[in-house]
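A look at the structure
Given next are the chains, with one letter for each unit.
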Amino acid sequence: MAQVRVTVDGVEYVDDVEPRMLLVYYLRERLGKTGTVVGCDTSNCGACTVHLNGQSVKSCSVLAVQADGAEVTTIEGLARDGELHPVQKAFNECHALQCGYCTPGMIMQAVDLLGDNPDPDEHAVREGLEGNLCRCTGYQNIVRAVQSAAQAMKPSATAPVDTPSPVAGGQ
C-alpha cells in the first residue's frame, strides 16, 4: 500500500491505496465522485477527464499515487456556491447532451480548452475536444455549447448563456 494526500474538489484526503490503482477508480470507489465516468479504460474516450493541477487528464491513464500532493477537480467540483459553471449551463441550454455518458468528460475538457483559448472558433473547439468521444453524435450541439460558454465567460458578459448560430458541417 502507498499513502496519497490529494485535494479533490477543495477537500483534502489522505488514503492508503494500491500502487496500481487508477485515479478514476480512486475518485469513484473511494471518494464517491461517480460523475467521473469509466468509459473505455484505455484513454480513448475521454469520459473520465478531470483536472489535475488545473490541466485536463484522462483519469484512467493516471495512477492514484501519481496524484499525490496534487489538486484534482471533478465534474462535481465545477459548480460554485450552488451555481453551475458556465460550461455546465451552456451544455444544458444548448442541448449538448444526449445519453449523458460523455458529458462530464466533455465539460471538463471544454473548461480546459476555454482556459487556453477563451474565444475558439468551430475548428478550435472540435480540435480541442478530439480526444473525447460522443457515441450519440452530439458534436454539433457540443460545439455550440462550448462557443456559447466562451461568450458567457467573457468579462463583459452579463446576460445568460446565449445559443450561438448553428454550426456548419456537424460531425
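Along each chain, numbering runs from 1 in the same order as the chain's sequence is written. The model is predicted, so local features are restricted to residues of pLDDT at least 70 and side-chain atom pairs to those at 80 or more, both for listing and for counting; the totals for chains, interfaces and linings are taken over all residues. Computation of side-chain values covers all heavy atoms of the structure but excludes hydrogens and water.

Right, let's talk about the environment of glutamine 140 for a bit. Following the sequence through the fold, glutamine 140 ends up in helix α5 (residues 139-153). We call a residue buried when its accessible area falls under 20% of the maximum for its residue type, exposed when it is over 50%, and partly exposed in between, using a 1.4 Å probe and counting protein chains only. Here glutamine 140 falls in the partly exposed class, since its relative accessible area comes to 28%. Spatially, the C-alpha atom of glutamine 140 lies 33 Å from that of glycine 10, the residues being 130 residues apart in sequence. The numbering of helices and of strands both runs from the N terminus, where a helix is a DSSP run of H or I of at least 4 residues and a strand a run of E of at least 2.

Once that is clear, we can look at the domain arrangement of the chain. By a frequent convention, interface size equals the accessible area lost on bringing the separate parts together. Assigned domains within the chain: domain 1 (2-77) and domain 2 (86-153). Where each domain begins and ends follows an automated or database-derived domain assignment. Measuring from the centre of the C-alpha atoms in domain 1 to the corresponding centre in domain 2 gives 21 Å. Two residues qualify as a contact provided that any one of their heavy atoms is within 4.5 Å of a heavy atom in the partner residue. If you look at the interface, domain 1 gives 18 residues, while domain 2 gives twelve residues. Carbon and sulfur atoms supply 53% of the area buried between domain 1 and domain 2, which totals about 1,200 Å² over both sides. We define buried area as the total accessible area lost by two parts upon association, computed with a 1.4 Å probe and summed across both. Three residues stand out in domain 1 for area buried against domain 2, namely Thr49, His51 and Ile75, and they jointly supply 39% of the buried area on that side. Under the rule applied, a polar contact is a pair of N or O atoms within 3.5 Å (in protein, one hydrogen donor and one hydrogen acceptor; residues adjacent in sequence only if both atoms are side-chain atoms). Remark: the boundary between domain 1 and domain 2 carries eight residue pairs in polar contact (both at pLDDT 80 or more). Elements supplying a minimum of two residues to the side of domain 1 that touches domain 2: β3 (49-52) and β4 (55-58). Under this grouping Gly is polar, as are all residues other than the nonpolar Ala, Val, Leu, Ile, Met, Phe, Trp, Tyr, Cys and Pro and the charged Asp, Glu, Lys and Arg. Along the lines of polarity and charge, the residues of the side of domain 1 that touches domain 2 split into six nonpolar, eleven polar and one charged.

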